[in-house]
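# Chains, contacts and geometry: an overview
Listed here are the chains, written in short residue letters.
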Amino acid sequence: MTTKTETRAPLPVEFYRSAIGKKWVMAVTGLGIIGFAIAHMIGNLKMFLPPVDGVPDIDIYGEALRRLFVPILPEHVFLWILRTGLIVLFLLHVHAAYSLTVMNHRARPVGYQGPRSYVAANYASRTMRWSGTIFLTFLAFHLADFTWGLPPVAPETWERGAVYANFVATFSRPPVTVLYVTASLLLGIHLYHGAWSMFQSLGINHPRFNRARKVAAYVTSGVITIGFIAPPLAVALGYLK
Amino acid sequence: MNVTLQVWRQKGPGSPGAFKTYQVDAISAEMSFLEMLDVLNERLVNQGEDPVAFDHDCREGICGSCGVMINGRAHGPQPGTATCQLHMRRFPDGSTIVVEPWRAAGFPLVKDLVVDRSAFDRIIEAGGYISVDTGSAPDANLIPVPKTVADTAFDAAACIGCGACVAACPNGAASLFTAAKIGHLNLLPQGHAERWSRTERMVGVMEHYFGSCTNHGECEKACPKEISIDFIAMMNADFLRAKLANRRLAAQYR
């Protein structure tokens with residue numbers, strides 16, 4: 001006699017249907033986005049490097065990104081592969097967050113009528129949905145400002161490829177600097193919980209390394225935040241011209 | 001000592017509920033929280049009023065029957081303590097105490113402070129056991145278990161199923177309960193045979209009734225048995241393994 005196992009959806013689909021599977025996706029995509037954020041931040045720090053033959057270092061870097069793997073692939077192709085990957089990461093991260101939020105709201109249709117007193121949950125962990133959503137809307141502004149050059153979000157003098165000049169022009173407007181600094185702090189708050197939470201969701205837990213997990217998460221969020229805030233502030237304070 | 005209680009009163013599942021204020025005077029500081037409620041109820045009965053319904057059984061912190069939100073915290077302000085083991089000396093004389101039932105879709109309200117926690121039984125039924133042929137009792141220590149593993153399994157087995165983790169969780173998730181039950185059995189050799197099916201099924205039932213974990217860590221702080229969220233990480237790891245493992249090799253993979 002053979003026992004027939006119940007029909008199952010393909011493994012990734014079935015895994016993603018479960019909340020724990022979605023948390024795995026949140027963690028893995030979050031890790032990918034952190035990786036991008038670190039690369040992006042390092043790129044921004046090239047604002048501080050001296051120009052090479054009169055061309056700002058960051059402009060050379062921008063051109064190099066467009067010409068990644070150029071003799072092997074045509075121009076822009078590899079950059080678009082990276083961008084597509086990043087868009088997929090964001091879509092999955094947002095979709096998993098959205099469906100888990102719906103699930104969690106259903107799990108407590110009638111909330112506590114008296115005041116709650118939280119012991120472990122902190123500001124960062126309790127505002128993940130808000131910090132994430134607000135940061136996502138900021139990204140639209142950011143793309144309009146730097147990538148698409150859409151006025152009035154982008155400065156009048158915006159020019160494709162002139163990264164250094166665009167950067168200085170944008171942050172010569174104090175409200176924009178305030179917006180970017182606020183968004184960076186928001187990202188830092190999001191990562192403060194997210195980067196640690198990731199380890200739990202991935203089941204990475206070992207008494208010997210549990211303290212290191214927290215340290216790694218806090219250092220990562222701190223470094224990314226400071227790294228993103230430094231160049232705009234340098235422009236606003238007149239250090240970069 | 002005297003306290004002012006704001007207790008959630010609700011006649012039944014469908015009826016509207018509200019906080020009602022009671023002055024409870026001349027109680028001993030050495031009374032447990034439940035004994036204080038007993039005093040209140042005796043007075044209510046004497047006045048011809050409906051007593052406050054609350055769940056309780058052993059009153060020594062091991063059955064998991066009692067449990068209410070006290071001032072916005074599951075089982076009240078003292079860590080590692082069930083409501084029955086919480087004493088009135090923990091509260092300043094003359095203080096106002098807000099008492100509310102667990103709130104979760106998986107724990108429908110029955111009356112006043114009583115909720116129906118059968119959803120936990122559904123999770124246990126899905127795999128919180130080991131299937132064995134019963135016979136005469138095997139010799140003790142017949143199956144070697146390392147001391148450290150036995151200790152970890154015991155930490156998880158300390159779960160009394162009170163539901164404080166769900167109540168404390170901002171998402172109404174039952175991850176700590178389920179992870180403790182899964183961890184307790186998956187860690188031991190006797191539990192290995194059903195490791196993957198147990199993990200998959202119990203998680204499935206858990207997600208049917210409750211929310212999902214976002215790693216706040218509130219459950220760990222509310223747990224009267226101080227069970228660590230490390231078990232949630234273990235459950236997350238085992239769930240992926242359960243999906244990927246070749247079941248024909250049973251629980252051979254670590």
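Residues numbered from 1 in each chain as written. Chains lettered and ligands numbered in written order. Predicted model: local features only at pLDDT ≥ 70, side-chain atom pairs only at ≥ 80, totals over all residues.

## Regarding the overall build of chain B
Our working rule: Helix and strand assignments come from DSSP, with helices taken as H or I runs of at least 4 residues and strands as E runs of at least 2, each series counted from the N terminus. Residue burial here comes from a neighbour count, namely the number of other C-beta atoms, placed from the backbone, that lie within 10 Å of the residue's own C-beta, with 20 or more meaning buried, 12 or fewer meaning exposed, and in between meaning partly exposed. Contact criterion: two residues are in contact if their C-beta atoms, reconstructed from the backbone, are within 7 Å.
Looking only at helices and strands, chain B features 9 helices and 7 strands. Counting over 254 residues, chain B shows a buried share of 47%. Long-range contacts, defined as pairs at least 24 residues apart, comprise 69% of the intrachain contacts of chain B with a sequence gap of at least 6.

## Details of the overall build of chain A
Counting its secondary structure elements, chain A contains 9 helices and 0 strands. Along chain A, from the amino end to the carboxyl end, the secondary structure elements read α-α-α-α-α-α-α-α-α. Along the three orthogonal principal directions, the C-alpha set of chain A runs to about 75 × 55 × 40 Å. Burial analysis of chain A (241 residues in total) assigns 26% to the buried set. Pairs at least 24 apart in sequence give 70% of the contacts found in chain A among residues at least 6 apart.

## Things to note about unusual backbone geometry
Following P151(A), the chain continues to P152(A) via a peptide bond in cis, the omega torsion being 10°. The residue P152(A) is located in the loop between α6 (128-147) and α7 (163-171) in this model. In this model, H76(A) sits at a positive phi of 75°, which is unusual for a non-glycine residue. For H76(A), a count of 14 C-beta atoms within 10 Å corresponds to the partly exposed category. Look at N71(B): it is not a glycine, yet its phi comes out positive at around 50°. Within the fold, N71(B) resides in the loop between β3 (69-70) and β4 (73-74). A tally of 18 C-beta atoms within 10 Å means that N71(B) is categorised as partly exposed.

## Thoughts on helix α5 (residues 175-186) of chain B
Defined as follows: Expected helix span is given by 1.5 Å per residue-to-residue step, counting one fewer step than there are residues.
Along its 12 residues, α5(B) runs 15 Å from first to last C-alpha, staying within 8% of the 16 Å computed at 1.5 Å per residue. Along α5(B), the residues classified as buried are S175(B), L176(B), F177(B), T178(B), A179(B), A180(B), K181(B), I182(B), G183(B), H184(B), L185(B) and N186(B).

## What about the sheet that holds strand β1 (residues 3-10) of chain B?
All names here are of chain B. Quick note on the threshold: If DSSP finds at least two bridges between two strands, the strands pair. Each axis is a line fitted through C-alpha atoms, taken for helices only over the stretch in contact, and angles between the N-to-C directions span 0 to 180 degrees.
The sheet built from 5 strands is open, its strands ordered β2-β1-β5-β3-β4 with mixed pairing. A strand with exactly one partner marks an edge of an open sheet, and here the two such strands are β2 (17-24) and β4. Pairing geometry for β3 and β4, over 2 bridges, is antiparallel. Bridge pairing in β4 places M69 opposite A74. Helix-sheet contacts for helix α1 (residues 33-46) involve β1, β2 and β3, and the interaxial angle to β2 is about 90°.

## A few points about the interface of chain B and chain A
Stated formally: Here the term charged refers only to Asp, Glu, Lys and Arg, the term nonpolar to Ala, Val, Leu, Ile, Met, Phe, Trp, Tyr, Cys and Pro, and the term polar to all other amino acids, Gly among them.
In this assembly, 39 residues from chain B lie in contact with 36 residues from chain A. Broken down by secondary-structure element, the contributors of at least two residues to the side of chain B that touches chain A are β5 (96-100), α7 (195-209), α8 (218-222) and α9 (230-244) of chain B. Element by element, the count of residues in the side of chain B that touches chain A is highest for α9(B), at 9 residues. Its residues placed into classes, the side of chain B that touches chain A shows 18 nonpolar, 12 polar and 9 charged.

## Topic: the pairing of β1(B)
All names here are of chain B. Alignment of β1 against β2, held across 8 bridges, turns out to be antiparallel. Each bridged residue has a counterpart across the sheet, and for Q10 the counterpart in β2 is G17. Hairpin connection between β1 and β2: a loop of 6 residues separates the two successive antiparallel strands.

## Focus on the environment of S131(A)
Residue and element names in this part refer to chain A. Mapped onto the secondary structure, S131 falls in helix α6. By the C-beta count within 10 Å, which is 23 here, S131 ends up buried. It is 8.9 Å that separates the C-alpha atoms of S131 and A183, two residues lying 52 residues apart in sequence.

## Focus on the confidence of the model for chain B
The predicted coordinates ought not to be read in detail in places where the model reports low pLDDT. Short version of the rule: A residue's pLDDT is the confidence the predictor assigns to it, expressed on a 0 to 100 scale.
Per-residue pLDDT for chain B averages 94, and the proportion of residues at 70 or more is 98%. Scored by ipTM, the complex comes to 0.90, with pTM at 0.92.

## Description of the packing of α6(A) against helix α8 (residues 174-201) of chain A
Residue and element names in this part refer to chain A. So the rule is basically this: Working definition: roughly parallel below 35 degrees, roughly antiparallel above 145 degrees, roughly perpendicular at 65 to 115 degrees, and oblique for all remaining angles. Take the far helix as the reference: if the near one is turned anticlockwise from it by less than a right angle, the crossing is left-handed, and if turned clockwise, right-handed.
Contact geometry for α6 and α8: axes closest at 9 Å, N-to-C directions at 140°. If you check the angle between α6 and α8, you find them oblique. In terms of crossing hand, the pair formed by α6 and α8 is left-handed. Counted together, M128, S131, G132, I134, F135 and F138 of α6 and A183, L186, L187, I189, H190, H193 and G194 of α8 form the full contact between these two elements. Looking at side-chain class alone, the contact of α6 with α8 contains 8 nonpolar, 5 polar and no charged residues.

## Structural notes on the packing of helix α3 (residues 147-157) of chain B against α5(B)
Residues and elements named next belong to chain B. Following both chains from N to C, one finds α3 and α5 inclined at 150°, their axes separated by 8 Å at the closest point. As summarised for this structure, α3 and α5 are arranged roughly antiparallel, according to the angle between their axes. Considering only the axes of α3 and α5, their crossing is left-handed. On the side of α3, the interface is formed by A153, A156 and A157, while α5 contributes A180, G183 and H184.

## Thoughts on α9(B)
The end-to-end C-alpha separation of α9(B) is 22 Å, in line with the 21 Å expected for 15 residues at 1.5 Å each. By the burial criterion, the buried members of α9(B) are D230(B), F231(B), I232(B), A233(B), M234(B), M235(B), N236(B), D238(B), F239(B) and A242(B). For α9(B), the elements touching its buried residues are α2 (19-44) and α8 of chain A together with α3, α5 and α7 of chain B.

## Quick word on the environment of D121(B)
Residues and elements named next belong to chain B. Within the secondary structure, D121 sits in helix α2 (residues 118-125). Judged by the 12 C-beta atoms lying within 10 Å of it, D121 falls in the exposed class. Along the chain, D121 and G161 lie 40 residues apart, while their C-alpha atoms are 9.2 Å from each other.

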